[in-house]
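Remarks on the overall topology
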Amino acid sequence: MHQPAEFEQDLEQVLPFVQSLVSGLARVDGMSAIGLRRRGELIAGVVFEGFNGRNIWMHVGAAPGGRWLTREYLRACFRYAFEVRGVQRVSGYVEANNTAARRFDEHLGFREEARLVGAAQDGGDVLLYVMWRKDCPYVDV
């Protein structure tokens with residue numbers, strides 16, 4: 001029998017989980033989160049920070065093989081950003097050598113917006129990605 005997933009919005013639960021998967025993610029004021037639990041265990045988490053009225057930063061972490069990427073979860077995360085917080089864009093960053101994360105972001109509909117040359121911990125580049133509300137397939141425009 002399929003076990004239904006549950007959303008977890010307690011930052012104290014979700015942030016440490018995402019931090020264990022996303023290097024360098026520091027706690028800052030104003031963070032919020034939406035985690036996904038299956039059988040009581042966190043299998044994915046999205047942390048939002050840096051809200052400025054028009055933009056919010058999104059950081060995603062997921063347990064390998066957790067089968068977490070559902071349309072319902074994606075809708076909840078993007079609705080939070082675009083409808084609850086009311087931003088026009090969601091931003092994220094990925095180290096250029098992390099091809100799996102780049103493919104994931106692009107698969108979701110994010111587009112590369114800028115390259116920070118030499119900004120990664122290893123001296124490589126960091127890519128900034130953006131999803132505009134008008135282009136988001138997970139919310140009604």
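In what follows, the accompanying structure is described. (Residues numbered from 1 in each chain as written. Predicted model: local features only at pLDDT ≥ 70, side-chain atom pairs only at ≥ 80, totals over all residues. Heavy atoms only, no water.)

**Notes on helix α1 (residues 11-19)**
- Along α1, the residues classified as buried are Leu11, Val14, Leu15, Phe17 and Val18. With its buried residues spanning 165° around the axis, α1 presents them on a single face.
- Among the structural elements, β1 (5-8), β2 (32-38), β3 (41-49) and β4 (55-62) are those in contact with the buried residues of α1.
- Taking the backbone nitrogen of Glu12 as reference, a side-chain oxygen 2.9 Å away marks Asp10 as the first, capping residue of α1. (Buried < 20%, exposed > 50% of the residue type's maximum accessible area, 1.4 Å probe, protein only. Helix = DSSP H or I, 4+ residues; strand = E, 2+ residues; numbered from the N terminus. Arc of directions from axis to C-beta. Contact = heavy atoms within 4.5 Å. Polar contact = N/O pair within 3.5 Å; in protein donor to acceptor, adjacent residues only side chain to side chain.)

**A few points about the packing of aromatic side chains**
- According to the stated counting rule, one finds eight aromatic pairs in the structure shown.
- Measuring from centroid to centroid gives 4.9 Å for Phe48 and Tyr80, while their planes differ by 45°, and the two rings are tilted. Of this pair, Phe48 sits in strand β3 while Tyr80 sits in helix α2 (residues 71-84), placing them 32 residues apart in sequence. Tyr80 carries the same exposure label as Phe48, and that label is buried.
- For the ring pair Phe78 and Phe110, a centre distance of 6.0 Å and an interplane angle of 45° mean the geometry is tilted. Note that Phe78 is positioned in helix α2 and Phe110 in the loop between α3 (99-108) and β6 (111-116), a separation of 32 residues in sequence. (Phe/Tyr/Trp six-rings, centres within 6.5 Å; stacked < 30°, edge-to-face > 60°.)

**Things to note about the environment of Asn97**
- By the secondary structure assignment, Asn97 is in the loop between β5 (89-95) and α3.
- Given a relative accessible area of 52%, Asn97 falls into the exposed group.
- Each C-alpha atom, one on Asn97 and one on Tyr73, is 27 Å from the other, the two residues being 24 residues apart in sequence.

**Some thoughts on the nonpolar core**
- Counting 28 residues, the largest nonpolar core has Phe48, Met58, Tyr73, Phe78, Phe82, Val90 and Phe110 as the members making the most contacts within it.
- When residues of this core are traced back to their parent elements, those giving at least two are β2, β3, β4, α2, β5 and β7 (126-132).
- Sort the elements by how many residues they give to this core and α2 lands first, with seven residues.
- Non-local contacts of Phe110, meaning those with residues more than four positions away in its chain, are made with Met58, Phe78, Val90, Asp105, Tyr129, Val130 and Met131.
- Counting residues in hydrophobic clusters, the runner-up holds 11 residues, among them Leu11, Phe17, Val18 and Ala33. (Core = buried A, V, L, I, M, F, W, Y, C linked by side-chain atoms within 4.5 Å.)

**Some remarks on the environment of Gly30**
- By secondary structure assignment, the location of Gly30 is in the loop between α1 and β2.
- A sequence separation of 18 residues divides Gly30 from Phe48, and the C-alpha atoms of the two residues are 8.4 Å apart.

**Focus: the sheet that holds β4**
- Taken in spatial order, the seven strands make up an open sheet running β1-β2-β3-β4-β5-β7-β6, and their pairing is mixed. The two strands at the open ends of the sheet, each matched to only one other strand, are β1 and β6. In this sheet, neighbouring strand axes are inclined to one another by 25° on average, regardless of whether the strands run parallel or antiparallel.
- Where β4 lies against β5, three bridges are found, and the strand directions are parallel. (Pairing = 2+ DSSP bridges. Axes fitted to C-alpha atoms, helices over the stretch in contact; angles between N-to-C directions.)

**A word on unusual backbone geometry**
- At Arg39, a residue that is not glycine, the phi angle is positive and equals roughly 55°.
- For Arg39, a relative accessible area of 63% gives the class exposed.

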